[in-house]
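A structural walkthrough
Each chain is listed here by its residues.
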Amino acid sequence: PKALVFTSPMPGDGKSTTAANMALVLSQQGGRVLLVDADMRRGTLDEVFRETREPGLSNVLVGAVDLDDAIRTLEMEPGHTMDLITSGTRPPNPAELLSSEPMGRFLSEVNERYDTVVFDAPPLNVVTDAALLGTRADGVVLVARAGVTEQESLEFAVSQIERVRALLLGTVLNGVDERRQLYYGGKGARAHGYFDRS
């Protein structure tokens, strides 16, 4: 998969941190990586990387700036860089922009330029943005936080992905307290105490 959408059931599950870390790891391995803040409602990657919010994704999609004007190249460590596009000016219609013709052109162009494009999208159970973007990308990664994300919330998020026929690549469970949890029982690997479906 080349274009990956990171989302979560609810705010506070750690999707932005997970998306940023994935992009960082891939760039450190020598790949050409673009991290895109596709949360045009409450994006935070500009603050994380201490960059300006504008111009960003929304400005590119409405035709206010060219793609190259919105890309920031970040120096990660000697010899490695990562490109970032922030969310941009908050538009009145984020969902429409993500399902628009300009978004299709944006995806085609960045897929040609980069080995991997990582999208940080809004929470699935709050707005439809991530589901819409998931239909255009190669797959969706669902982020959940141990002890915070409720099972029903996670199941509803999965149903949202399946409903639009996007590809769910997997789930990242973060915030696990390794001191309190056992990981390997007699019947194979499982995370005791979180989502035990036995």
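Each remark here, short or long, concerns the structure printed above.
Now for a look at the structure at hand. Chains are numbered independently. Their residues run from 1 in the order of the written sequence. Note on the predicted model: pLDDT of at least 70 is required for a residue's local features to be given, and 80 or more for side-chain atom pairs to be given and counted; whole-chain, interface and lining totals, by contrast, use all residues. Here the side-chain values reflect all heavy atoms present in the structure, with hydrogen atoms and water set aside.

Put simply, DSSP marks the helices as runs of H or I at least four residues long and the strands as runs of E at least two long, and each gets a number from the N terminus on. Looking only at helices and strands, the protein chain has eight helices and nine strands in total. Using C-alpha atoms as the atom set, the radius of gyration is obtained and then compared with a globule rule of 2.2 Å times the number of residues to the power 0.38. Against the globule reference of 16 Å for 198 residues, the protein chain gives a C-alpha radius of gyration of 17 Å, in line with a compact fold. Projected onto its principal axes, the C-alpha coordinates of the protein chain cover approximately 55 × 40 × 25 Å. Here the protein chain, with 198 residues, has 47% of them falling under the buried criterion. Where accessible areas are quoted, they stem from the Shrake-Rupley method and a 1.4 Å probe; at the residue level, only the protein chains shown are allowed to cover. Here the protein chain has roughly 10,200 Å² of accessible surface; of this, 48% comes from carbon and sulfur atoms. When a residue's accessible area, from a 1.4 Å probe over protein chains only, is under 20% of the maximum for its type it is buried; when over 50% it is exposed; and in between it is partly exposed.

Buried Ala, Val, Leu, Ile, Met, Phe, Trp, Tyr and Cys residues that are joined via side-chain atoms within 4.5 Å together make up what is termed a nonpolar core. Of all hydrophobic cores here, the largest spans 35 residues; its most connected members are V36, L57, I85, M103, F106, F119 and L133. Sorting elements by how many residues they give to this core places helix α6 (residues 101–113) first, with four residues. Note on contacts: a residue pair qualifies if any of its non-hydrogen atoms lie within 4.5 Å across the two residues. Setting aside residues up to four positions removed in sequence, V36 forms contacts with L45, L57, I85, F106, V117, V118, F119 and D120. Membership of the second largest hydrophobic core comes to 16 residues, among which are A19, A20, L45 and V143.

Moving on to the side chain of S100. Relative to the elements of secondary structure, S100 occurs in the loop between α5 (94–98) and α6. Residue class for S100 comes out buried when judged on its relative accessible area of 15%. As used in this structure description, the phrase polar contact means that two N or O atoms lie within 3.5 Å; if the pair is within protein, one of them must be able to donate a hydrogen and the other to accept it, and residues adjacent in sequence are counted only when both atoms belong to side chains. One polar contact links the side chain of S100 to the main-chain carbonyl oxygen of L97, over a distance of 2.6 Å.

Sheet strands line up and pair through hydrogen bonds in the backbone, either parallel or antiparallel. Taken together, the seven strands give an open sheet; going across it, the order is β3-β4-β2-β5-β1-β6-β7, and neighbouring strands pair in mixed fashion. In this open sheet, the two edge strands, each paired with only one partner strand, are β3 (72–77) and β7 (168–174). Neighbour to neighbour, the strand axes of the sheet diverge by 25° on average, direction disregarded. One bridge is not enough; two strands pair if DSSP finds at least two bridges between them. Where strand β6 (residues 139–145) lies against β7, six bridges are found, and the strand directions are parallel. Looking across to β7, one finds that R145 is bridged to N174. Sheet strands in contact with α6 are β1 (3–7), β2 (33–37), β4 (80–85) and β5 (116–120), and its direction is about 140° off that of β5. All axes here are fitted lines through C-alpha atoms, helices being fitted over the stretch that makes contact, and every angle between N-to-C directions spans 0 to 180 degrees. The strands that helix α7 (residues 129–136) touches are β1, β5 and β6; relative to β1, the one it contacts most, it runs at about 165°.

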